[in-house]
Amino acid sequence: MPKFMKLLVVAAAIVAFGAGMAQARDQVKIVGSSTVYPFSSYVAEELGATTKFKSPVVESTGSGGGHKLFGGGVGMDTPDITNSSRRMKPSEFEKDQAAGITEITEALIGYDGIAVAQNGENADFAVTKDELAMAVAEMVPMDGKLVKNPYKTWDQINSNYPKRKILFYGPPTSSGTRDAFAEMVLGKFAKKHKDLYAPVSPKGKAKKYESVRQDGVYVPAGENDNLIVQKLTKDKDAFGIFGYSFLEENSDRIKGAKVDGVAPTPDTIAAGDYPISRSLFFYIKKAHLGKVPGMKEYVELFMSDKMIGPRGLLKRIGLVPLADDLRKQVQKDVLSYKNLTLDDLKN
């Protein structure tokens with residue numbers, strides 16, 4: 001065989017070997033929500049500590065970022081699971097299907113509230129959901145018109161509030177927390193004033209006015225919610241927007257504001273009384289089951305009563321458990337790897 005042919009054979013072997021190595025993986029790969037991240041990481045560490053499997057690698061990419069990575073196709077260079085602090089969007093499901101991810105299982109793990117928190121040394125603060133929207137929204141009603149948000153201090157919104165600078169540190173656009181906050185606070189506020197918002201909103205929807213203001217009052221602080229907590233400990237004017245679990249973990253330094261007269265607590269979130277509550281999920285790429293060591297065992301551990309039950313370990317770090325009947329049904333569906341459908345997401 002000529003020398004150059006031998007070199008080609010060797011090169012081809014190296015490429016093939018490298019491709020094989022790229023396909024081989026001995027750890028579960030998880031991406032997604034910063035809110036679900038503490039719960040997912042806890043389960044990952046427990047799996048590594050109590051079984052023969054390596055702890056899964058968990059990355060905090062935000063819900064939107066996680067769905068994008070998850071939707072990259074089927075193969076060991078793509079994530080096995082994505083965490084989400086909101087339900088998968090129909091458009092994301094359709095993109096997954098088009099990318100060859102034809103079988104997905106949805107796992108509802110519990111509830112969380114979106115806390116509006118401040119420095120623990122401050123006086124208690126209570127705000128209505130509408131006033132919160134007026135502080136954060138890019139466009140607000142004024143004198144019968146829709147205008148760029150002019151409010152700089154809280155007393156300009158409500159004369160009973162102190163003359164305190166309006167400043168928020170919150171999640172970026174890739175975050176499911178940002179999506180949920182926009183839908184539950186800004187979107188609902190826009191619908192109350194649909195006579196102003198609808199005529200200039202795309203296709204008659206409020207989506208455009210779920211945008212937060214861009215004048216420095218709302219500061220995107222990345223996917224690490226602990227950084228927001230650090231900001232609040234240094235700035236007494238500021239409020240932070242993040243999942244309840246981070247408020248629970250840092251209750252010695254920060255405290256939550258009441259929204260519509262209700263404080264964020266496990267009981268008020270589980271009952272739906274706290275007005276900014278949402279469900280938490282993770283999504284399983286079924287094509288990777290049986291190919292990644294520990295993936296099935298991770299799912300089983302996460303969905304166990306040990307983790308998400310009424311006295312589960314994740315409750316200790318801020319997860320609000322599902323009601324018993326719902327939890328049992330969810331556990332049955334997930335552990336049988338029920339396929340998610342587009343109709344499920346539209347209901």
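Everything below is about the structure shown above.
Nothing here was measured: the structure is a model prediction, and the numbers come from that model.

A. Structural detail: unusual backbone geometry. One non-glycine residue, aspartate 260, lies in the positive phi region at around 55°. Mapped onto the elements of the fold, aspartate 260 is located in the loop between strand S12 (258–259) and helix H10 (266–271). On the basis of relative accessible area, aspartate 260 is assigned to the partly exposed category, the value being 41%. Of note in this structure, tyrosine 337 is not a glycine but carries a positive phi near 55°. Its place among the elements puts tyrosine 337 in the loop between helix H13 (324–335) and helix H14 (342–346).

B. Structural detail: the pairing of strand S7 (residues 145–148). Across four bridges, the pairing between strand S6 (residues 139–142) and S7 is antiparallel. Bridging from a neighbouring strand, methionine 142 pairs with lysine 145 of S7. In textbook terms, the turn of a hairpin is the stretch between consecutive antiparallel strands, and for S6 and S7 this stretch comprises two residues, one of which, aspartate 143, has a positive phi near 55°.

C. Molecular detail of the side chain of asparagine 83. The topology assignment puts asparagine 83 in strand S3 (residues 81–84). On the basis of relative accessible area, asparagine 83 is assigned to the buried category, the value being 0%. Those residues in contact with asparagine 83, other than ones at most four positions away along the chain, are Ile30, Val31, Gly32, Ser33, Val36, Ser40, Val58, Ser63, Phe281 and Phe282.

D. View of the nonpolar core. Counting residues in hydrophobic clusters, the biggest one holds 97 residues, and the most contacted among them are Ile109, Trp154, Phe168 and Phe242. Among the elements that make up this core, the one with the highest residue count is strand S4 (residues 104–119) (nine residues). Counting only domains with at least three residues in this core, you end up with domain 1 (29–111 + 279–345) and domain 2 (113–277). When near neighbours in sequence (up to four residues on either side) are disregarded, phenylalanine 242 contacts Gly113, Ile114, Ala115, Ala117, Thr177, Asp225, Ile228, Val229, Leu232, Leu247 and Ile254.

Cut-off values and rules
- Residues numbered from 1 in each chain as written.
- Predicted model: local features only at pLDDT ≥ 70, side-chain atom pairs only at ≥ 80, totals over all residues.
- Heavy atoms only, no water.
- Helix = DSSP H or I, 4+ residues; strand = E, 2+ residues; numbered from the N terminus.
- Buried < 20%, exposed > 50% of the residue type's maximum accessible area, 1.4 Å probe, protein only.
- Pairing = 2+ DSSP bridges.
- Contact = heavy atoms within 4.5 Å.
- Core = buried A, V, L, I, M, F, W, Y, C linked by side-chain atoms within 4.5 Å.
- Domains from an automatic or database assignment.

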